[in-house]
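# Chain and residue survey
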Amino acid sequence: MSLRRQVYEWRNLVQNVGDSVFLNGYPISSVGSCITAAMSANRPVDIFIGGIGNNLDMPGRLKAYQYVVIDAVALWPQTLSAQLYVNTTKYFQDPDGVPSRTGGIPANVVPFPNGQNGVINYDYQDGLKPSLYILPGQNWGVEVTSSVNVVASAVATETQIQKCFIKYLLIDGADSLVAQHLVRSGWALTVENIWKFKRDIIKHHLYAGMAELPEEVTKGKRKV
Amino acid sequence: MAIKKQLYTWELYGDGTQGTNPAIYPAAGVPFSILYGAFGNVQAGGQTGLIKEDHFVVIDKIASKPGISPTDFTTATSGGVTSLIHWPPNMFVNIVIDTTGYYQDPQNVFANGVSGTASPYPRQDQLMPYYDLWPPIYVLPDQTLDIRYTLFNDIIASSTPANWNVIPVTTMLASVYVEYTHYDGTDAMMARKLMTLGIPITPSTVDNFRRLLLENKGLDTETFSFYLKAVEAERIRENKEKRIQGLDRHHEYGNE
């Protein structure tokens, strides 16, 4: 299980009225109790550790034997935008080189779910091309920014819930060594390339096993 | 019939009551198996998914019912009875092989899995899946496969007379869809061989490998002569060893 397509979903749902965050999981809702946390306009919120909605204990940080290839990000409602970051660098920038002032890629481009309110993701159907690689030891995450103030609600409907979805390929274990070779050689980190590289390794080992031994070995004096 | 495209669906329907029976409706926030769990149309016998030693399974797709907010439930009233006809379950699905969960969160901890919103079943025109299970998951012989769902919208807590009186037996409350390719017999052996060679396991690659095997039935001349030479050398070595050890006997088959 070294190549795994992973997902993470963030929502601004919480368990109790007055809460702002729910750690390591999702809150339980019922009819009459679907509680959302408030969000301030134009203030980026980290979906891992931002203190709003479902969060993690710690930021996304890759171990020494892990690579991540971010494939897709999607969000809703239309007032949300998403920005990817790696360490201190933001992915989406304005033409003047400054990190996007509107908060990154808007939900109108990457609606979640795809087809929400008739909005279709046509431009990023295959995700980010080229994909964004996160290398071992790097911190990464996603910030969402709402262009309007989001008020807390105790009975939120589907369209009132702020959502962000990310999909990524997690490469760990022995496959991360293959990924390292591919990155150094300038090849794209895809499932197919990793498979092909591994096939080549196996093939070369088979060839190496079939090769004739040097004469000094075959005709040499036996040691045992 | 050695390579079969299989599917398994798990669905939870109403029982014609108001929906407060904890023996019928799963508790929210707790993972349950679609293979041997206590709820829904679990397969008869409720066995775990143990892959037999001559089988090989490749999981291609996984999906579940979409919908996040329970506020979006819909009802229909007829004859003074209010029936629940649509329920957003807010569900997630994870795949567990032996004791390892496939999905983990960015802090490397076991996660609930992929949501029905990202990978919906049944599929609708308006909601296209974002999630695609690629690369597929290989489940090897003697491994145990389990698929677990977690509902985060509480059906029992929502089942009050103010909301509805009845959950009809036709109302689907939650569902999971799994699509997989099942290899058995010699095809499973070829799948294992392909896996050791680092080749993706698909019906095409297995078919191709079978063709190669058939084309190479018997050994080609060069390989066969080498094989004969190697066997002869081994026979001589074995005989010599036996003579040295004083174990050579003339009544053994093949002895000189």
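Residues numbered from 1 in each chain as written. Chains lettered and ligands numbered in written order. Predicted model: local features only at pLDDT ≥ 70, side-chain atom pairs only at ≥ 80, totals over all residues.

## Overview of the overall build of chain B
- Counting secondary structure elements, chain B contains 4 helices and 12 strands.
- Looking at the 256 residues of chain B, the share that counts as buried comes to 36%.
- In chain B, once contacts between residues fewer than 6 apart in sequence are set aside, the share between residues at least 24 apart is 71%. (Helix = DSSP H or I, 4+ residues; strand = E, 2+ residues; numbered from the N terminus. Buried ≥ 20, exposed ≤ 12 C-beta atoms within 10 Å, placed from the backbone. Contact = placed C-beta atoms within 7 Å.)

## Examining the environment of Leu-135 of chain A
Residue and element names in this part refer to chain A.
- Locating Leu-135 in the fold gives a position in the loop between strand S12 (132-134) and strand S13 (139-146).
- Put simply, Leu-135 and Gly-173 are 38 residues apart on the chain and 14 Å apart in space, counted from C-alpha to C-alpha.
- Not counting chain neighbours up to four residues away, the residues in contact with Leu-135 comprise Leu-62 and Tyr-67.

## A look at the interface of chain A and chain B
- Across the contact, 39 residues belong to chain A and 41 residues belong to chain B.
- Mapped onto the side of chain A that touches chain B, the elements with two or more residues apiece are strand S1 (3-11), strand S8 (66-76), strand S14 (163-172) and helix H2 (191-210) of chain A.
- By residue number, the principal contributor to the side of chain A that touches chain B is S1 of chain A, which donates 8 residues.
- Among the residues forming the side of chain A that touches chain B, the class breakdown is 22 nonpolar, 8 polar and 9 charged. (Nonpolar A, V, L, I, M, F, W, Y, C, P; charged D, E, K, R; others polar.)

## Examining the pairing of strand S12 (residues 172-184) of chain B
- Here strand S1 (residues 3-13) of chain B pairs with S12 of chain B via 11 bridges, running antiparallel. Along S12 of chain B, the bridge assignment pairs Leu-12 of chain B with Ala-174 of chain B. (Pairing = 2+ DSSP bridges.)

## Notes on the domain arrangement of chain A
All names here are of chain A.
- Parsing chain A into structural domains produces domain 1 (3-172) and domain 2 (178-210).
- Placing a centre on the C-alpha atoms of domain 1 and another on those of domain 2 gives a separation of 33 Å.
- If you look at the interface, domain 1 gives 8 residues, while domain 2 gives 6 residues.
- Listing elements by their share of the side of domain 1 that touches domain 2, those giving two or more residues are S8 and S14. (Domains from an automatic or database assignment.)

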